[in-house]
Amino acid sequence: MSMDATMAAQAADTISSIFAPVSTPAAKEADLARMVLWLSAVVFVVVGGLIAYSVVRYRAPAGEPGSEPPQVYGSAQVEAAWTAVPLIIIVVLMLATGRVIHEVQAAPQPPDAVEVTVVGRQWWWEIRYPKLGVITANELHVPVSDSLSRRPTFLTLESADVAHSFWVPRLAGKTDLIPNRTNHMWVEPHEPGTYLGACAEYCGTQHTLMLLRVVAETPEQFSRWVEQQRQTAAAAPADPIAAAGRRVFLGTVCSSCHTVAGTVAKGRVGPDLTHLMSRATIGAGVAPNIREHLRDWVRNPDNLKRGVLMPAMQIDDKYLDQLVEYLLTLR
Ligand code: CUA
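Just so it is clear, the model here is predicted, and its values are computed rather than measured.

(A) Representation of the sheet that holds strand 2 (residues 124-129). The strand order 3-2-1-5-8 describes an open sheet built from 5 strands, whose pairing is mixed. The sheet is open, and its two borders are formed by strand 3 (134-137) and strand 8 (183-187), each paired with just one other strand. The mean inter-strand angle of the sheet, taken between neighbouring strand axes irrespective of direction, is 25°. In this structure, strand 1 (residues 114-121) lies alongside strand 5 (residues 153-159), joined through 7 bridges in parallel fashion. Along strand 5, the bridge assignment pairs T117 with T156. Packing against the sheet, helix 4 (residues 219-230) makes contact with strand 1, strand 2 and strand 3, and its axis sits at approximately 95° to strand 3.

(B) Fine view of the domain arrangement of the chain. Taken domain by domain, the chain consists of domain 1 (20-58 + 108-229) and domain 2 (240-327). For domain 1 and domain 2, the distance between their C-alpha centres works out to 29 Å. Across the boundary between the two partners, domain 1 contributes 19 residues, which contact 20 residues of domain 2. A combined buried area of about 1,600 Å² lies between domain 1 and domain 2, and 49% of that area is made up of carbon and sulfur atoms. Looking at the side of domain 1 facing domain 2, the largest losses of area belong to W123, W124 and E139, adding up to 27% of the total buried there. Run the count over domain 1 and domain 2 and you get 1 salt bridge. For R268, the salt bridge identified is with E126, shortest N-O distance 3.5 Å.

(C) Up close: helix 5 (residues 240-251). An ideal rise of 1.5 Å per residue puts 16 Å on 12 residues; helix 5 measures up with 16 Å between its terminal C-alpha atoms. Lining the buried residues of helix 5 we find helix 6 (254-257) and helix 9 (317-327).

(D) Highlighting the pairing of strand 5. Most of strand 5 is tucked away, with 6 of its 7 residues classed as buried. Relative to strand 8, strand 5 is paired through 5 bridges, and the arrangement is antiparallel. Within strand 8, the position partnered with F154 by the bridge is W186.

(E) Unusual backbone geometry, seen in detail. Residue Q122 is joined to W123 through a cis peptide bond whose omega torsion reads -10°. Although it is not a glycine, N180 adopts a positive phi angle of roughly 60°. Note on placement: N180 falls in the loop between strand 7 (175-177) and strand 8.

(F) Spotlight on the confidence of the model for the chain. On average, the chain scores 92 in pLDDT, and the residues at 70 or more come to 95%. Predicted confidence is poor over residues 1-12, with pLDDT under 50, and the contacts of this stretch with residues over four places away or in other chains come to 22 contacts.

(G) Looking closely at the packing of aromatic side chains. What the rule picks out here adds up to 7 aromatic pairs. When the centroid spacing of 5.7 Å and the interplanar angle of 10° are considered together, the rings of F154 and W186 count as stacked. Separated by 32 residues along the polypeptide, F154 in strand 5 and W186 in strand 8 bring together distant segments of the chain. Pair check on accessibility: F154 and W186 agree, each one buried. A centroid spacing of 6.1 Å and a plane angle of 25° characterise the contact between F222 and W225, whose relative ring orientation is stacked. In this pair, F222 and W225 both sit in helix 4, 3 residues apart, roughly one turn of the helix. The exposure classification of F222 matches that of W225, with both residues buried. Every member of this aromatic cluster is reached through a ring pair, and the members are Y129, F222 and W225.

(H) Examining the sheet that holds strand 9 (residues 193-199) more closely. Strand order across the open sheet formed by 5 strands is 4-10-9-6-7, with mixed pairing between neighbours. Edge positions in the open sheet fall to strand 4 (139-143) and strand 7, since each of these has one partner strand only. Averaged over all neighbouring strand pairs, the angle between strand axes comes to 25°, with direction disregarded. Summarising the sheet, strand 6 (residues 164-167) and strand 9 pair through 2 bridges and their orientation is antiparallel. The residue of strand 9 that forms the bridge with F166 is C199. Lying on the sheet, helix 4 is in contact with strand 4 and strand 10 (211-217); it crosses strand 4 at an angle near 135°.

(I) Seen up close, the pairing of strand 3. As judged from the 4 bridges shared by strand 2 and strand 3, these two strands associate in the antiparallel manner. Each residue of the ladder has a partner; that of Y129, found in strand 3, is V134. The hairpin formed by strand 2 and strand 3 contains 4 residues between the paired strands, and G133 there has a positive phi angle of roughly 70°.

(J) Looking closely at helix 9. Three or more residues of helix 9 are buried, namely L320, Q322, L323, V324, Y326 and L327. Considering only its buried residues, helix 9 is in contact with helix 5, helix 6 and helix 7 (291-299).

Cut-offs applied
Residues numbered from 1 in each chain as written. Predicted model: local features only at pLDDT ≥ 70, side-chain atom pairs only at ≥ 80, totals over all residues. Heavy atoms only, no water. Pairing = 2+ DSSP bridges. Helix = DSSP H or I, 4+ residues; strand = E, 2+ residues; numbered from the N terminus. Axes fitted to C-alpha atoms, helices over the stretch in contact; angles between N-to-C directions. Contact = heavy atoms within 4.5 Å. Domains from an automatic or database assignment. Buried area = accessible area lost by both parts, 1.4 Å probe. Salt bridge = Lys/Arg side-chain N within 4 Å of Asp/Glu carboxyl O. Expected span 1.5 Å × (residues − 1). Buried < 20%, exposed > 50% of the residue type's maximum accessible area, 1.4 Å probe, protein only. pLDDT = per-residue confidence, 0-100. Phe/Tyr/Trp six-rings, centres within 6.5 Å; stacked < 30°, edge-to-face > 60°.

Right under this line is the structure:
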């Protein structure tokens, strides 16, 4: 069932291709990749064509088997040509690549850029906006830029366990998240939309389902999202079942791994659940975030994501229902 759910969770989105860039660094990299491919194609056609021509033109004539062709030894001009031309091609590729690497890596951070820290974890993404006071998981929200107002997002990449790699093909190239090291990258989408990404460095059992989505929004939508994420609902929900679920949540080990801002739950091992229901998927993209999957997930996360580090809670159906009712209030 998990693959169905995964595909359903992604169905709304388009294919992630590096040749459909919507972000400044991705566009520079796509242009470079196209140039390299075209140059390689020309080399392939010229070299392949010359070989094919020689094979046909100089094959042994019918009726004269065994006659030795004229033997030719060296030609300074030809050798100079086939040394110089590839050398020129390599130098052109090297300069073009160096220029794009420099433009992407050395891009200065504008003063009003959005700053985000992404921490790779087995197998999900912790996402923090230190200046905005927002903490979320697996779904990165960023504003779009236009030619009049640029507001790129600069990412600081870290890992809590093993090496991971942050890759959203339409936004930028891959950058690794490495334990005890800090890497940097940036994205600058120009079109609102949801862009899919994934972990691109093998990091254990569920590397495949360490999915990522980036929601690029207009500056107004992004501000509203930030406002909403900063709110904390400290009070218990009015609904008695959800209120009972809150007691289950705060009274069991849930709260030692997860945070719900405004409560005693301050765990940092699992994703922050303060605004759980504002996210489209659960389990880093394994399933749409709806009651049915949420219940499945809490009952036994292993069913949806085998090998996941969250344990099955083994709680009675009654408490499970209360707990899920509470989770559904975390908007
Ligand atoms: Cu994280 Cu692969």
